[in-house]
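# Chains, contacts and geometry: an overview
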Amino acid sequence: MGFRSGVYANIVFMLLALSAISSISADLNPYYYGKSCPGALPTIKRVVEAAVAQEQRMGASLLRLHFHDCFVDGCDGSILLDPSSTIDSEKNALPNNNSARGFNVIDRIKSEVDKVCGGPVVSCADILTVAARDSVVALGGPSWVVPLGRRDSRTANRAGANSNLPPPFADLPALIDSFKKQGLDERDLVALSGGHTIGFAQCANFKDHIYNESNIDPVFARNRQATCPRSGGDSKLAPLDPNPANFNTDYFAALTKRRGLLHSDQALFGSGASTSDLVKKYSADRDLFYSDFGNSMIKMGNIKPLTGNQGEIRRNCRRVNSR
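Residues numbered from 1 in each chain as written. Predicted model: local features only at pLDDT ≥ 70, side-chain atom pairs only at ≥ 80, totals over all residues. Heavy atoms only, no water.

### Some thoughts on the state of the cysteines
What makes a disulfide is a covalent bond joining the sulfur atoms belonging to two cysteines. Per the stated rule, a full pass over the model turns up 4 disulfides. Disulfide pairing places Cys-70 opposite Cys-75 at an S-S distance of 2.0 Å. Of note, the bridge from Cys-70 to Cys-75 carries an S-S torsion of about 120° and is right-handed in sense. Overall, Cys-70 belongs to the buried group, its relative accessible area being 0%. (Disulfide = S-S within 2.5 Å. Buried < 20%, exposed > 50% of the residue type's maximum accessible area, 1.4 Å probe, protein only.)

What follows is the structure, encoded as structure tokens:
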């Protein structure tokens with residue numbers, strides 16, 4: 001893609017994102033910190049870029065943190081809370097335990113943002129939402145306009161994390177139902193699944209797929225078996241797509257070849273899958289995927305936000321404020 005076409009595509013993405021924003025809650029807006037802390041967003045971007053430059057995998061980790069936050073009682077920063085006598089931490093939920101990562105980067109962002117703002121002005125929920133966007137951009141993906149003004153929860157929901165986050169072995173009907181419960185449709189499901197174009201998965205999450213299932217390219221399965229043994233090795237990592245440090249359409253191209261790493265990935269494409277056509281379209285049209293991904297990220301980022309006098313602005317993203 002040439003320079004002019006790339007610039008044009010970015011303009012289209014931004015216009016589509018602004019269009020999507022017009023349909024969300026009036027309590028959130030992209031300029032929420034425009035007067036109270038104009039340096040907040042550049043600071044988040046700077047710290048995220050440094051973290052991703054140090055470890056490219058961190059971009060996928062921060063994106064995943066945002067997804068796992070929003071699917072449990074909304075985008076309220078609850079996933080960031082450490083366990084305590086009053087907090088049944090979502091970090092200990094099955095989908096997050098020994099898996100969710102990037103908390104130290106969020107701590108670093110919070111510290112730097114509070115310095116720039118002169119105190120706790122920006123919520124941890126907003127920091128996580130913006131960090132997810134900036135992580136995608138740092139790995140070559142699209143940008144979108146992030147509505148702001150979320151506040152932080154004073155509770156966590158470990159049981160909700162166990163029940164609301166779709167597992168890696170989910171079939172398509174279960175995935176559709178999981179997203180529908182969050183107000184997201186099939187197009188959002190496929191677009192947001194495209195976030196798996198970056199990052200890695202643990203062997204335990206795809207072992208059954210590569211050893212016991214038929215909807216997988218046998219050569220790909222054997223390649224993955226080389227580093228993921230049938231017994232043991234559960235924490236060994238494999239890339240979710242062929243180029244896990246670049247945000248692109250390779251994930252969808254892999255699905256059309258039956259090379260999805262997770263069962264839940266490959267469930268999007270195959271005989272009888274209602275999402276197969278969209279997977280094909282995204283594999284062939286980067287601009288379409290990028291614009292849909294940005295719009296779906298905006299929708300997901302606005303699941304049940306706490307606003308106004310709800311919640312709080314945490315001084316430490318790991319703990320609720322003392323009263």
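Let us keep going from here.
### Some words on unusual backbone geometry
Phi is positive for Asp-73, close to 65°, though the residue is something other than glycine. Along the chain, Asp-73 turns up in the loop between helix H3 (57–70) and helix H4 (103–117). Owing to a relative accessible area of 36%, Asp-73 belongs among the partly exposed residues under this scheme. The phi dihedral of Asn-98 falls on the positive side, at around 55°, and the residue is not glycine. Here Asn-98 shows up in the loop between H3 and H4. Residue Asn-98 is classed as exposed on the basis of its relative accessible area of 66%. (Helix = DSSP H or I, 4+ residues; strand = E, 2+ residues; numbered from the N terminus.)

So yeah, pure geometry; function would need other evidence.
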